[in-house]
Structures are given as structure tokens and as C-alpha cells.
There are 2 protein chains.
Amino acid sequence: MHRRWLRWLPLLRWLPSYQREDFARDLLAGVLVSVLLVPQAVAYALLAGLPAHTGLYAALLPLVAYALFGSSPVLAVGPVAVISLMTAATIGSLGLEEPQLRVAAAAALAVLTGAVLLAMALLRLGVIVRFISHPVLNGFLAAAAVLIMLSQVPVLFGLPPADGGAWQQLIRLPVEVPRVHAPTMVLGAFSLVMLALMSLYGARLLVACGTPEPAARLLAQLAPLAVLVLAALAAAHWSAGIAVVGSVPEGLPALSLPAPDMALWRQLLPAAVLIALVGFVESVSVAQALAARRRSRIEPERELIGTGAANLAAGVSGGFPVAGGLSRSALNFQVGAATPLAGVVTAGCIALVLLFLSPLLAWLPRAAVAAVIVMAAASLVDWRAMLAAWRYNRADGLCMAVTLVTVLAVGIEAGILAGAGLSLALFLWRTSRPHIAVVGRVPGTEHYRNIRRHEVQTSARVLAVRVDESLYFANTRFLEDRLLSEVAARPDLQHLVLVCSAVNDIDASALETLTRLTYGLADAGVTLHLAEVKGPVMDRLQRVDFAGTLGKGRIFLSTHSAMQSLERSD
Amino acid sequence: MHRRWLRWLPLLRWLPSYQREDFARDLLAGVLVSVLLVPQAVAYALLAGLPAHTGLYAALLPLVAYALFGSSPVLAVGPVAVISLMTAATIGSLGLEEPQLRVAAAAALAVLTGAVLLAMALLRLGVIVRFISHPVLNGFLAAAAVLIMLSQVPVLFGLPPADGGAWQQLIRLPVEVPRVHAPTMVLGAFSLVMLALMSLYGARLLVACGTPEPAARLLAQLAPLAVLVLAALAAAHWSAGIAVVGSVPEGLPALSLPAPDMALWRQLLPAAVLIALVGFVESVSVAQALAARRRSRIEPERELIGTGAANLAAGVSGGFPVAGGLSRSALNFQVGAATPLAGVVTAGCIALVLLFLSPLLAWLPRAAVAAVIVMAAASLVDWRAMLAAWRYNRADGLCMAVTLVTVLAVGIEAGILAGAGLSLALFLWRTSRPHIAVVGRVPGTEHYRNIRRHEVQTSARVLAVRVDESLYFANTRFLEDRLLSEVAARPDLQHLVLVCSAVNDIDASALETLTRLTYGLADAGVTLHLAEVKGPVMDRLQRVDFAGTLGKGRIFLSTHSAMQSLERSD
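Residues numbered from 1 in each chain as written. Chains lettered and ligands numbered in written order. Predicted model: local features only at pLDDT ≥ 70, side-chain atom pairs only at ≥ 80, totals over all residues.

Draft legend 1. Expanded view of the overall build of chain A. Along its length, chain A carries 26 helices and eight strands. With the C-alpha coordinates aligned to their principal axes, the bounding extent of chain A is approximately 100 × 65 × 60 Å. Residues classed as buried in chain A amount to 53% of the 570 residues present. Counting contacts in chain A only where the partners sit at least 6 residues apart, residues at least 24 apart contribute 81% of the total. (Helix = DSSP H or I, 4+ residues; strand = E, 2+ residues; numbered from the N terminus. Buried ≥ 20, exposed ≤ 12 C-beta atoms within 10 Å, placed from the backbone. Contact = placed C-beta atoms within 7 Å.)

The structure is reproduced here in C-alpha cells:
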């Protein structure tokens, strides 16, 4: 019973042994993260096409819920750029005019996302995310960054929001030049430049000013708040029609379940599934990377429950879908958050902001917030990984490019599905055409190597072929074809040795093919042998008495013993 | 130019060197195959729900077309049981009452099937068939056999044909008992028993009567014709209302293109794709198995053209979809057909039957033909392979069972898709959870083995882990998780050696994971090393300077040198 509780409520593991010094670390981390979180929460709410306060709501209860159910001490859940973009696309497709209806739909989407994540945990479907490869994810994130930046173009230029997709925003720009609001544009450009400079040189500047290096790196990350405050002061000073965030309701969010609107839920469900998948992939990647650096690990199944609970909490408190954010989690890690209580501290700070500082938030200029969004989007693009994937492997590069182009040209769902499908198809294609090498003996040794790569000795009567892949239904015909053509090219051949050192599995189709090959080759006067069969594969072959099927053929421990024995035989 | 012709018209390869003795062999094989083919052609036409003569039409021109374009000297194309069943299901679903319309629709289906096969040849899509595994094919054939037998139940009992699927035929049987036509039932039972006995003991009986063994085995295969002749004589003698095949038009088929009915074609296309796939899989399996026994091989891409041309020929000459048949091809092989000319001889014999013997075919009792169909269906079920697959590997057994049950319960298309999809999903699932073993040194040797299977020496400071699968996006997270948990369990660990002897590929996702692991482990004070990396994998790792990424970590040639060197270090 006790173990079961441990399984579902990880906080029972760390709370009993909680110590004073843990709290000191959690407090510092929690406060610093909230400084980074407030501007991000407002920014991502606007990115999602929702009122600013919903971002703070989405950063309050979800943090507490994750602290109760999640497994990572440093993962900071809350609004993140990609999920906000997906939320904006989903809510936008509903065609709701009333802001209240949009807020309600976003809350319903969060509840559905949470339900999907919990259902995945119950059905142990967390493994699905394994099938989204890194290049597909990188391609998707790069495309999402482009879409996010495009969505902020009108805000940065002080243009009124307009209908149409991301590309329409760009296309109408030249036409709209006369309507550009110059002070807004100046403020937006100033914020962007400031943020870029702070991100590139901020830490170095602070070190030059005498700040110790770790502290300098921390402070540089808190630049967005500074820029927003400066921009707000500037806007208040000029007050020349610069669009601001506008009134933010004071106080904590009211709890309420979303109205049971089946038609709406059915419309939202596909998006909720995709948001759950993408959010979960991001959260697990972040949490796992940070855990590895502390020589610990996270439990992906538990993360499903943690992020699922966080999304439910966001939904019932007027927020929108959330996930684990990279920059805030990294900050948590840097400062040294000891337990999930750091998240509770952050939530407390957000509550204080909601209770006492929300009037100030109303003065934030939208263009400056847009600059924060653009900078966050830019950090989503991992150029190095994308270039590396492209150089390393054309198949991976292709999947990345297809995902990127499809997301930009068709949409987010189509892009992810196309990328994931293509990467699976290419994997199957690759394994269906395995590398097969005729091997010969390196003179004077017991080593056997590819005759195309090395100077080796071969025999006209005995042929050794190594196949570098597990044998399964999709490559068994390819293997058969290749072996038969090697045999057909050697009229004096008497023995064919299949070297299985890289064969990790032989399925029933491959077994049937090997059996057919054995009989077919026997009719043609060639005996089939195996060599270097692995333990687990051998166990299974013995179960069906494959040695009996081989007849005169044998299963040798090593290629060398096979060649020695067969060349010596008459 | 000349080579190109060789590629498209294989007959240019064998015709110039054709010799007299080749013709003797082709003549004998061609005539014997036609003796087997005539009853089968009539039977499969009735199985397809079409008039008897369409079966002969489908056996005439397609043989000539295949002789021109196919690559196998022994593959005998023409009507086959499974394709006829699929044709029956397709034509039946159109709800056509007029026999002429059904014949026209079947011809259109054959043309479409041929077009699909030729399109697959052009687009080099022949590889698709690799993804239909043997267990899926066996499960499908077993289910098809059941459906074929069920469809013949009313005919064997002399009941009028009725609407409804295969199962309805069985369910209504008890109700229909009073209407059973006793003489038909007796004739059907007699034919079935005779065929079964001939197939089981015929060859032995003939040997006992003094026939040489090869001839006896040949003759026993021709039993269907003998049984049909006996049954026809019996039916003519009694003539007690026993249903017969009925008038067969004399003369050769007229050539005509199917009417351009786009609505019909669109309805038929999905079925044509599936018939093309199944027919191609069957033809290639048969041709490849027989080629292996002669130490030669077939070219699967050419088979697409050969069977595609055969289907086009069937369509323009009033036939229905065709494929390579197992029993007739095996007979061809046994008798020793030397070239595709044997097929032309068979076609000549069919032409003679159509010209001079068709009045006699009219007297064949339908019940006896149904007995021939049931026996042919029984031979589709490969109990041994099915049991072996089940025993050998639960995943393969499951795919087989799912295909079988889905074909029987839902339909042919759903069954094949479910089976193929499931086998791919299970393959991905298997490779996504690779076998990972901590290895230790077998005392006194340079061999390293799984610590769970062998008594081996390990070190607290150096850990060697072998992963038995290529590293790709679907298993990279599993690997990372496993490695981190092994590291987390060993507080004194300083070096982790990943043994890559069974890693045939490392994709971009896996590379990224390895990079992240390297940095993460380095932060935790553990250095990652690789050992036994294969040539092609190493080439690619060098392209992105992975050795540089490893930092202090090294890439060792063997596990032994890694362990020696690392245990000796500080």
C-alpha cells in the first residue's frame, strides 16, 4: 500500500527527508524562475491569442500540480512558446469572436490535453513519443519558430491584427506600410536589439563590470524583465498611442470545470492529442537532459502523470495547455533547485504578482512583449543540430526538411505526421536493404573482412557472406536474392557460410526463407552453414530444431572454424 | 540499344540459343500442365462467380504474354484460387445481376490489375511486397481457404446459390436440409473422397501397380481431370437433375478493350491494387523457390512486367485477374520445362480445347468442380508453417492470427492491412526495446559476455555495456534511460564503455543522444567510451568528428583493449 502511494505521489519520497538547506536552494530557484516566468507567461498568452492574465493562470496551479505528481526536481512547467503557437492555431480555427469564448475553449483544450496525457499513462503509451525522431522535432521547432516570428510581425509594426495565416501577415506588410505606427516600431526594434545584445553579450558585460561569473550568467537570463520595464517606462513617458497589454484582472483565478460541450471537445481532441505528444516530448527531453547532468534519471511514465496533472490544473483555473519549458528549467538547474518545492515557490510568487502587481502589467507595451516572443522563438531553432543532422545522414536531413516545409506550407499536424511517417518508412527501407558483404580471411590471422574493403583470401568452393542486420520479413527476400546471385556467379561453389555476428533477431519469415534456401541450395549442390550465431537467436533456432533443417549444414562458433573445417573437407 | 531490348523482352535471351531438345522438354511440360490447367481454369472461373469459359480465356493469352515478358521458365500463370476468390468478392460487391456485366467487370478488373503491376514496375515499387511477412501471408491464405470452402458448400449440397457472405452459407445449411439434392451430394462427396485419396495415396498406388516413381508422382497430380471425367459420366448416366457447368461457347476469345467506365474503374481500383499485391507476392514466392532449386534466380522487377502483361492480356481477352499458380508451376518444374515456350505450348492446348472440346465441358457436374476447388483450397493452408511460426515467435504468431481472424470476420482487405500494419508495428516495437547487456570478462580470456548468463569478472570503476541493435530514433531514449540507470546504480563508476559490435547504424537522433549523454555523464564525472565500432558506422562518425565530441572518451578497437586500458588508468 505504501509503495503504491510512493508510485503515484512522488512527493512522499522527498518530503519526509526535506531539510532546511534544501529550502534555501528551492526558495532562491523559485524566486529567480518567477522573474523569468512573469514576462514569458504574459508573452505566451498573447502568442496564444488570449488575454495576458491567462498566461499567469497557466503558470500558477500547474506548477503546484506538477510538484505533487512529477518526478523531476528542476522541470519548470507552464506556458511554452510551441504549445502556445499550437493553442493559437487550434483556437483560431474555431472562429470564435468573443474573448470569453476563446478563453473557455483554451481551458477546455488544456483539460483535454491533460486527459490525453493521463490516458497515455494509464495505457502505458508513453513509448509513442519514441517515434518522433530528433530531426523531425528539430524541423518542427524551426518551422514553429518561423510561424511564431511571422505572427509577431504586425504587433512589432503596430498594425492591427488581421485574419489569415502566418504568410498573409508577411504578404500584406508592403501594402500596410503607410499604416505602420512609428513609435511602436521604434519601441519594438529597441526591445529586440536590447534582448539580442543581452543574450549575446550580457553575461560578458556584467563580468567586465565586476560581477562574479555564475551570477552574471544568471542575471543575463533575467534580461527580458528589465527590457519590458524599460519599454513600459518609455511607453508611459511617450504614451503616443503605443498598444499596451491592457487591464489585467486582479486576484487569483477562480476554479471551474469547462462546460460539457461535446461538439467543441470533439473538435479540439485531435489538437489535444498532438499538443500532448509535442509537450510531452519537450518536457521529457528537457528533464532527461538535466537529470543526466546530476547523475540521476527521470521516469518518463511518471512525467506523463505530472504534465497531465499540470494541464488539468491549467484547464480548471482558466489557463491554457502547458509543458516543461527549457529556459526556466535550465535556470532552476543552474541555481540548484533541490526538490519540486521550488515550483511551489515560483507559484507563490506568481500568486503575489496576480494579487498585487497586476495593474502594472497593464502598462507593458505589446511590441516589447512581441520582441520577447521573437527572441524566445529564435532560441527554438537549433541550427547546429540541424546542420549536423543534414551532414551526418541524408535520410535524417530529408525527414527534417520535409517536416519543416510541411509545417510551413500545410500545417503543424500534417508536418509532424509527415515527418514521423517518413522517418519510420526510411528506417524500414534501410533495414529492408541490409549491408551484405562477402568476407575473406585477412592473411595469417583468424579475422574475416569484406573483400571489397580489404586484401583477403577467398576460396572457390567455400563462400562466407556476412549480413549486417537482423533478419526479418522485410529484408528476407533481399537477402535470398543476394545470396542466390552470389551462388549463381560461382559454378564451383559447394559451401555457403552465413556469418550472423550482427544478426540480433531472426523472425519466422526469415526462418522460412532460410529453410527454403537450405533445400533450394541443397538441390543445387550447395550446403548452407551458419556461423557466429548469437545466444538469444541460437536459443530460438534450437526450439524449432533448425540444425535438423540444415541437414548436412552446420552451425559454427566462428567464421574461422567454419572456413577451416569446410576447406579441409573433400 | 540491344541491351535495352534484352531488359524488356527476356525472350531475346533464350530464343536465339533455343535447341531441339529444349523443345522436347517444353512440349511435354506444356501438354501435361494443360491437363492440370483445364479443370482448374473451369473451377476457378466458377469460384470467381463467372461462366466457365472465362477461366479458359484467362489461361490462354496470359500464358503467351508472360512467355514474352516474364523471367521464370517454369512459372505457369493463369487463374489461381486466391485471386479468383478476391475477384468474386470484388465483383459480388458491385451488385451486378447480368452475367455479361459481371464478365465485363472482371475483365476491367484484370486490366486495372495489370496496369497497377506495370505502374509498380515503372515506379520501382516492387519492394512493397517485402512488407507482407510470411506469417501474414500464411494467415491470409488459411483464411482464404476457409472462405473458398464455405463458398462451395451450397454447390456440394446441390442447393441454389443464395445471397450473403461465406458465413451465411453455413448458417442457412441446417434450415435448408430438406432442399438438399441427394444425387448431387453423393456425387460431390464421391469426388471429394476420390480427390483426397488420389492426393494422399495415388502416387503410391501407381508405384505398387508397377509405374516408375517419377511418372507415378506426375500422374497422381493429374487426378482432377480423371475425377471430373468419371463424375461427368456418372452425371450423364443418372442425369437426375444434377447441376452441370452448362454450355461453353466454342472458339477463341474475341479481343476487346474494356469500356471506359470511370465510375466502375474507381470502384475497382482498391481491389485491383490488393489483387496485384497478393498475386505478385504469390508469383514471386513460387518462381523464386523453384529458381533456387535450379541454382538460378528470378528478377522480381521483371516479374512485375511479366504478371502485369499477363493480366492485361487476360483483361482484353474476356478473362479475369491471374497470377502464377503453385501446383502448375511445380509440375512444369518437375517435368523440366526449359524455357517460357512451355507456357506457349500450354496456351496452344487450351486453344485446342476451346476450339474442339468445349461442348464436352458443358457436361461437367458443378458439384465435382466444387470438389476440385475445395481440394485446391485445402492445399493453400500450410499447417506446418503456421504451427512453426506460432511456436517460434509469439509476435509472428500474433500477426498470423490477427490476419486470419480479421479476414474471416471483416474482409480480405482489412485483414491484409491489419496483418501488415501489426507486423511492422511489432518490428518497430522490438527494435525500440533492444537487448542491452552489461558484459564482463570471461576469466583468463579476451572474451566479454553478459553478466547474467556467464560467470564473469567486472570492475566497480569501469562498466561495459553491449547493445544488440542499431541505434535509431525509436530506441535512443530507451538506451539513454537504461545507461543512466546503470550509472545511477554505481556510485564509484568512472568509465562507461558502449560495446557496438552489433550496431549496424547510428542515426542522427542516436548521435544527438550520444552527444548529450557524453556531456551529461561528464558533468557527473563519468567518461563515455565506444568499442568495436563497425567500419561503415565509424566512417560516418568521423564525418562529424565524434571523437572530438567524446572529449576524454576514446573509441577502442576491442572491448578487451578498452577494459585493459581503462582499468590500468589512474
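Draft legend 2. Geometry of the relation of the copies chain A and chain B. The two copies are related by a screw motion: chain A maps onto chain B through a turn of 180 degrees and a shift of 0.0 Å along the axis, at an RMSD of 0.0 Å. Both chain copies can therefore be described as sitting about a two-fold axis. Scanning chain A for the C-alpha nearest the rotation axis identifies A502(A), at a separation of 2.4 Å. Residue by residue, 100% of the interface of chain A is reproduced at the interface of chain B, so both copies engage with the same surface. (Least-squares fit on C-alpha atoms with pLDDT ≥ 70 in both.)

Draft legend 3. Main features of helix α12 (residues 223-238) of chain B. Residues and elements named next belong to chain B. For α12, with 16 residues, the first-to-last C-alpha span of 23 Å sits near the 22 Å given by 1.5 Å per residue. When α12 is considered as a whole, its buried residues turn out to be A223, P224, V227, L228, A231, A232 and A235. Looking straight down α12, one finds that the buried residues subtend no more than 165 degrees of arc, so they occupy a single side. Exposed residues lying more than 90 degrees from the buried face of α12 are L233, A236 and H237. Contacts made by the buried residues of α12 are with α3 (20-47), α10 (182-208), α11 (213-221) and α17 (366-378). (Expected span 1.5 Å × (residues − 1). Arc of directions from axis to C-beta.)

Draft legend 4. Spatial organisation of the confidence of the model for chain A. Overall, the predicted model of chain A reaches an average pLDDT of 85, with 96% of residues at or above 70. Complex prediction metrics read pTM 0.77 and ipTM 0.73. (pLDDT = per-residue confidence, 0-100.)

Draft legend 5. Expanded view of unusual backbone geometry. Positive phi, close to 55 degrees, is recorded for E532(A), a residue that is not glycine. On the basis of neighbour counts, which here come to 21 C-beta atoms within 10 Å, the residue E532(A) falls in the buried class.

Draft legend 6. Representation of the sheet that holds strand β3 (residues 436-441) of chain A within the structure. Residue and element names in this part refer to chain A. An order of β4-β3-β5-β6-β7-β8 is seen for the six strands of this open sheet, with the pairing classed as mixed. Two strands close off the open sheet at either side, each with one partner strand: β4 (448-450) and β8 (555-556). Sheet topology note: the strand β6 (residues 495-499)/strand β7 (residues 527-531) ladder contains five bridges and is parallel. Bridge pairing in β7 places V499 opposite A531. (Pairing = 2+ DSSP bridges.)

Draft legend 7. Layout of the sheet that holds strand β5 (residues 462-467) of chain B. Residue and element names in this part refer to chain B. The mixed open sheet is built from six strands, whose spatial order is β4-β3-β5-β6-β7-β8. Sheet topology places β4 (448-450) and β8 (555-556) at the edges, where each strand pairs with a single neighbour. Note: strand β7 (residues 527-531) against β8, two bridges, orientation parallel. Looking across to β8, one finds that L530 is bridged to I555. Here helix α21 (residues 473-488) sits on the sheet and contacts β3 (436-441), β5 and β6 (495-499); the angle it forms with β5, its principal contact strand, is near 155 degrees. (Axes fitted to C-alpha atoms, helices over the stretch in contact; angles between N-to-C directions.)

Draft legend 8. Highlighting the nonpolar core. Within the largest apolar cluster, 398 residues are counted, with the highest numbers of intra-cluster contacts made by V42(A), A144(A), V42(B) and A144(B). Those residues in contact with V42(A), other than ones at most four positions away along the chain, are A52(A), G55(A), V245(A), L361(A), L364(A) and V369(A). (Core = buried A, V, L, I, M, F, W, Y, C linked by C-beta atoms within 7 Å.)

Draft legend 9. Main features of the packing of α3(B) against α12(B). All names here are of chain B. In the contact formed by α3 and α12, the axes pass within 8 Å of each other and the chain directions differ by 55 degrees. When the axes of α3 and α12 are compared, the pair comes out oblique. Of the two elements, α3 crosses α12, and the hand of that crossing is left-handed. Residues V35, V38 and P39 of α3 pack against P224, L225 and L228 of α12. Counted by class, the contact of α3 with α12 contains six nonpolar, no polar and no charged residues. (Parallel < 35°, antiparallel > 145°, perpendicular 65-115°, else oblique. Left-handed = near helix turned anticlockwise from the far one by under 90°. Nonpolar A, V, L, I, M, F, W, Y, C, P; charged D, E, K, R; others polar.)

Draft legend 10. Representation of the interface of chain A and chain B within the structure. Chain A puts 61 residues into the contact, and the matching count from chain B is 61 residues. Secondary-structure elements contributing two or more residues to the side of chain A that touches chain B are α8 (134-156), α14 (262-293), α19 (383-392), α21 (412-432), α22 (473-488), α23 (508-523) and α24 (535-543) of chain A. For the side of chain A that touches chain B, the leading source of residues is α22(A), giving 10 residues.

Draft legend 11. The domain arrangement of chain A, seen in detail. The assigned domain composition of chain A is domain 1 (2-10 + 19-392) and domain 2 (436-568). Just the C-alpha atoms count here: the centres of domain 1 of chain A and domain 2 of chain A sit 56 Å apart. (Domains from an automatic or database assignment.)

Draft legend 12. Broad picture of the pairing of strand β5 (residues 462-467) of chain A. All names here are of chain A. In terms of burial, β5 is a largely internal element, five of the six residues being buried. Direction of pairing for β3 relative to β5: antiparallel, over a ladder of four bridges. Paired with A437 across the two strands is R466, which belongs to β5. Of the strand pairs in this sheet, β5 and β6 are connected by five bridges, and their pairing is parallel. If you follow A464 over to β6, its bridge partner there is V497. For the crossover from β5 across α22 to β6, the handedness is right-handed. (Right-handed = clockwise from strand over helix to strand, strands pointing away.)

Draft legend 13. Quick peek at the environment of E512(B). Mapped onto the fold, E512(B) is located in helix α22 (residues 508-523). When the 23 C-beta atoms within 10 Å are taken as the criterion, E512(B) is described as buried. The spacing of E512(B) and G415(B) is 97 residues in sequence and 39 Å in space, taken between C-alpha atoms. Setting aside chain neighbours within four positions, we find E512(B) in contact with H134(A) and A385(A).

Draft legend 14. Seen up close, the packing of helix α4 (residues 52-69) of chain B against helix α16 (residues 341-361) of chain B. Residues and elements named next belong to chain B. Their axes nearest at 8 Å, the elements α4 and α16 cross at an angle of 160 degrees. Taken together, the axes of α4 and α16 are roughly antiparallel relative to one another. As for the relative orientation of α4 and α16, their crossing is left-handed in sense. Only L341, G343, V344, T346, A347, I350, A351, V353, L354, S358 and L361 of α16 make contact with α4, whose side of the interface consists of A52, H53, L56, A59, L60, L63, V64, Y66 and A67. Looking at the contact of α4 with α16 residue by residue, the class counts come to 16 nonpolar, four polar and no charged.

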